[in-house]
Amino acid sequence: MGKTARFRVETCFDFLMFVLGIAIAVMSWGYGFGSFGRPGPGLYPFFIGAAIALFAFFILLSNLRSDTAKPVLDRNGAVTLILMTATFCLWIVAMPLLGYVVVTLLAAFAFCKIMKLEGWWKPLAVSGGTALFIYLLFDYWLYIDLPRGILG
Amino acid sequence: MEALDLLYNGFVNSLTPVNLVACFVGALIGTMVGVLPGLGPTATMALMLPFTMKFGVTTGLIMMTGVWYGAMYGGSTTSILVNIPGEAASVVTCLDGYQMCKKGRAGAALALVATGSFVAGTIGILGLQFFAPVLGNAALSFGPPEFLCFMIFAFVLLSNLSAEAPLKGALMIVFGLFLSTIGTNPMDSYPRFTFGTEKLMLGIDFLPIAMGLFGVTEILSIALEKYVKPQINKVRLRELYPSREEVRRSVYPMLRGSILGFFVGLLPGPCTVISTFVSYSLEKRISRNPGEFGHGAVEGVVGPESANNSAVMGSMVPLLTLGIPFAAPSAIMLAGLRMHNVEPGPMLFTTHPDVFWTFIAAMYLGNIMLLVLNLPLVGAFARIAAIRPQILMPIISLICLVGVYSVRNSIFDVWVMIVAGVVGLFLRKWKFPIAPFIIGVVLGPTTENSLRQTLLMFRGDVSLVADRPISITLLALAAAFLAFKFAAPLFGKKFPLKIEEDSKL
């Protein structure tokens, strides 16, 4: 079961890198390879693409022959990863609208709960403290103008 | 004499309140980061890049080196007291440091390590002060072919020393080089891999990639781990005195580790980590009681800890003299210098001598600060290790998000950071090393410029490289290294310097 999980994801990644390498080389050729005497904008990335394809191909081969396997993430790990990433993404989407202080407060609370900080008072204290610290650091000490959203 | 005058000016410049505070803050944060298992110096330096923008280049450089340096100091604290290395370069310290702690000699071990780190730091700075200008002058004769060959040499060593599988290291380097080609090519203003998107015209900024790969990846990685509360052994101030015998046994390992670490620092790869392993095996080999190693030998603690501190200074030599970072933290430093429009390299000593000498002077001061900080506050620092990641990681996550956004007020950069963070997590799980990737990103433009200038110089005839002694020597060294690497298993020998890159480089 574990072997299949690693095989599929990592092998897919290696294959993706191989395809990406070829795509880079093809696109670079389109930019103009030039010649060794008069290199065009595509010469350098062409060789980079070719090198990516070559290395990825050999890694792919060795990966296919490998029988050591361990699942990359278990079910709980996958859920945590999805929730953490979703919180990061929500911060990005909501920050320009609601302002960085409010969104930082909410995101810090969400991170605390995702990371299983027990109870309500501790997560509230951590998120409140984080929002205050971020405000003091960026707004008060560093004078960086960040979106304030609904707080104007 | 001129160097002494410059150093004196450096001290005058570094003794400004801003630089002293930067030095202290860097050293303090570095020590805390070193103590905390999880965040490493690279991640912290990447996190601090946006803040250094507010200050001058020298202040920024001092602060970041303070972090790196402080992390080397602090890393040993948890290795000795908790048997958990605060960062990768302190793994070896656990072997004998914790055994000393179990014998009730934790205080002595910590005091000797702090003294050793101070001595090594001073020797490292002296080495940097002596070698950097000499090499910088020598590097003035470097043309594009020499730079290109030097980078090929560095890439070969880096891919082999940083990864369990050298091919993975090599793939990461070329992928980093590719990422640096995205955007308008400065040589001919030709847009590449932009797909017509305006956002990609200026390329992908280094900072969000670095913060994603080192900061967000670390956060996600810690979030997925099960937290086990460490048992911290208490140490009191009066217990810090080592016995006369322990002092006597520490002197030579301290000096050997300092000199060895500095030279290992000149090599590409995770130099601080490698230096500790090399120093430990050296001390064990020359010891009269090798059987004591692993059971609390003071030489096994002091030697490696001295080595990792001077390796930091050693790795500054290629960065400052050639503008080529050999390790992930120095790649972050290069990015920081570039953000301030300072390009390190041979010209640094003529165009910005003040930067170099202020930095040297500040390092002397920082070294003293670290000694003063570390000896009396060791107990307090050890308690930091008990802070739960559930409290620390949300704060760091938000600093990453707001920090990256604040540099260019760009939401796109924040997306890049998150994508880099998630990809970095999987790369780490599959044992793809991150350091070669980030060095590839930083060195990409220089590599391309050197390649194209070399080809133009030689009118396409690459065989002319053979007429350049430095270039051909560097290529021969790279070829010899690869030949040795491939041939060694055939003769049943294991390559001794193959060290798996730790997640917290």
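Reading guide: rules and limits
Residue indices begin from 1 for each chain and proceed along its sequence in written order. Chain labels run from A onward and ligand labels from 1 onward, assigned in the order the entries are written. Only residues with pLDDT of at least 70 are given local features in this predicted model, and only at 80 or more are side-chain atom pairs given and counted; all residues enter the totals for whole chains, interfaces and linings. By the criteria applied, helices consist of DSSP H or I runs no shorter than four residues and strands consist of E runs no shorter than two, each listed in order from the N terminus. In this treatment the radius of gyration is a C-alpha quantity, and the globule benchmark scales as 2.2 Å times the residue count to the 0.38 power. Three classes are used. A residue is buried when 20 or more other C-beta atoms lie within 10 Å of its own, exposed when 12 or fewer do, and partly exposed in between, with C-beta atoms placed from the backbone. Throughout, a pair of residues is in contact if the C-beta atoms placed from their backbones lie within 7 Å. What a helix is expected to span follows from its residue count: subtract one and scale by 1.5 Å. Two axes enter the definition of the bend at a residue: one is fitted to the seven residues ending there, the other to the seven starting there, and the bend is the angle between them. In this document the domain limits rely on a domain assignment from an automatic tool or a database. Each nonpolar core consists of buried Ala, Val, Leu, Ile, Met, Phe, Trp, Tyr and Cys residues. Their C-beta atoms, within 7 Å, join them into a set. Residues are sorted three ways: Asp, Glu, Lys and Arg are charged, Ala, Val, Leu, Ile, Met, Phe, Trp, Tyr, Cys and Pro are nonpolar, and all the rest, Gly among them, are polar. Lines fitted to C-alpha atoms define the axes, with helix axes restricted to the stretch in contact, and inter-axis angles between N-to-C directions lie between 0 and 180 degrees. By the definition adopted for this analysis, an angle is roughly parallel if under 35 degrees, roughly antiparallel if over 145, roughly perpendicular if from 65 to 115, and oblique otherwise. Each crossing gets its handedness from the near helix: less than a right angle anticlockwise from the far helix is left-handed, clockwise is right-handed.

A. Spatial organisation of the overall build of chain B. Counting secondary structure elements, chain B contains 20 helices and 2 strands. For 505 residues, the compact-globule estimate of 2.2 N^0.38 gives 23 Å, and chain B sits close to it at 22 Å. Dimensions of chain B, computed from the C-alpha atoms along their principal axes, are close to 70 × 55 × 50 Å. Residues classed as buried in chain B amount to 59% of the 505 residues present. Within chain B, counting contacts between residues at least 6 apart in sequence, those at least 24 apart form 80% of the total.

B. Representation of the overall build of chain A. Counting its regular elements, chain A contains 5 helices and 0 strands. Starting at the N terminus and ending at the C terminus, chain A contains elements arranged as α-α-α-α-α. Relative to a compact globule of 152 residues, whose C-alpha radius of gyration would be 15 Å, chain A shows 24 Å and is clearly more extended. Here chain A, with 152 residues, has 34% of them falling under the buried criterion.

C. Representation of helix α3 (residues 75–98) of chain A. If you check α3 of chain A, its first and last C-alpha atoms are 33 Å apart, about what 24 residues at 1.5 Å a residue would give, namely 34 Å. The axis of α3 of chain A is deflected most strongly, by about 30°, at isoleucine 92 of chain A, and proline proline 96 of chain A appears within four residues downstream. Burial in α3 of chain A covers these residues: Leu81, Met84, Thr87, Phe88, Trp91 and Met95 of chain A. In this structure, the buried residues of α3 of chain A make contact with α4 (100–114) of chain A together with α9 (206–224), α17 (389–408) and α18 (411–429) of chain B.

D. Geometry of the domain arrangement of chain A. On domain assignment, one finds that chain A holds domain 1 (2–65) and domain 2 (75–151). Spacing between the C-alpha centres of domain 1 of chain A and domain 2 of chain A amounts to 38 Å.

E. Local environment of the environment of leucine 398 of chain B. Looking at the secondary structure, you find leucine 398 of chain B in helix α17. Those residues within four positions of leucine 398 of chain B in sequence are excluded, and the remaining contacts are Thr104, Ala107, Ala108, Thr130 and Ile134 of chain A.

F. Quick peek at the nonpolar core. One finds Ile52 of chain A together with Ala109, Leu171, Val174, Ala210, Met211 and Ile438 of chain B to be the most contacted residues of the largest nonpolar core, which totals 206 residues. In terms of residues, this core owes the most to one element, helix α6 (residues 106–139) of chain B, which gives 16 residues. Residues in contact with leucine 171 of chain B, not counting those within four places in the same chain, are Met17, Ile52, Phe55, Ala56 and Ile59 of chain A.

G. A look at the interface of chain A and chain B. With 49 residues of chain A at the contact, the number on the chain B side is 45 residues. Looking at the side of chain A that touches chain B, the elements that each hand over two or more residues are α1 (2–32), α2 (43–65), α3, α4 and α5 (121–141) of chain A. When grouped by side-chain class, the residues that make up the side of chain A that touches chain B number 39 nonpolar, 8 polar and 2 charged.

H. Just α18 of chain B, in detail. Residues and elements named next belong to chain B. Relative to the 27 Å expected for 19 residues at 1.5 Å per residue, α18 spans 28 Å between its end C-alpha atoms, a close match to the ideal helical length. Restricting attention to buried positions, one finds in α18 the residues Asp413, Val414, Val416, Met417, Ile418, Ala420, Gly421, Gly424, Leu425 and Leu427. Phi turns positive one or two residues past the end of α18, at lysine 431, with a value near 65°.

I. Local environment of the environment of serine 258 of chain B. All names here are of chain B. Structurally, serine 258 can be placed in helix α10 (residues 244–264). With 27 C-beta atoms packed within 10 Å, serine 258 lands in the buried category. When sequence neighbours within four positions are dropped, the list of residues in contact with serine 258 reads Val119, Ala120, Ile123, Gly124, Ser306 and Ser310.

J. How the structure looks around the packing of α9 of chain B against α18 of chain B. Residue and element names in this part refer to chain B. Axis separation between α9 and α18 bottoms out at 7 Å; the angle between their running directions is 55°. Of the possible angle classes, the one that applies to α9 and α18 is oblique. The handedness of the crossing between α9 and α18 comes out as right-handed. From α9, Pro208, Ile209, Met211, Gly212, Leu213, Val216, Thr217, Leu220 and Ser221 reach across to α18, where they touch Asp413, Val416, Met417, Ile418, Val419, Ala420, Gly421, Val422, Gly424, Leu425 and Arg428.

K. Here's a closer look at unusual backbone geometry. One non-glycine residue with positive phi stands out, namely asparagine 409 of chain B, at about 50°. Structurally, the position occupied by asparagine 409 of chain B is in the loop between α17 and α18.

L. Representation of the environment of methionine 313 of chain B. Residues and elements named next belong to chain B. Within the fold, methionine 313 resides in helix α12 (residues 299–322). Separated by 41 residues in the primary sequence, methionine 313 and threonine 272 have C-alpha atoms spaced 9.8 Å apart. Beyond its immediate sequence surroundings of up to four residues, methionine 313 is in contact with Gly124, Ile125, Gly127, Leu128, Phe262 and Gly265.

M. Seen up close, the packing of α3 of chain A against α9 of chain B. The interhelical angle for the contact between α3 of chain A and α9 of chain B, taken along N-to-C directions, is 140°, at an axis separation of 9 Å. Here α3 of chain A lies oblique to α9 of chain B, going by the angle between them. Like other packed secondary-structure pairs, α3 of chain A and α9 of chain B cross with a definite hand, here right-handed. In contact with Gly77, Thr80, Leu81 and Met84 of chain A of α3 of chain A, α9 of chain B contributes Leu220, Ala223 and Leu224 of chain B. Of the residues in the contact of α3 of chain A with α9 of chain B, the class split is 5 nonpolar, 2 polar and no charged.

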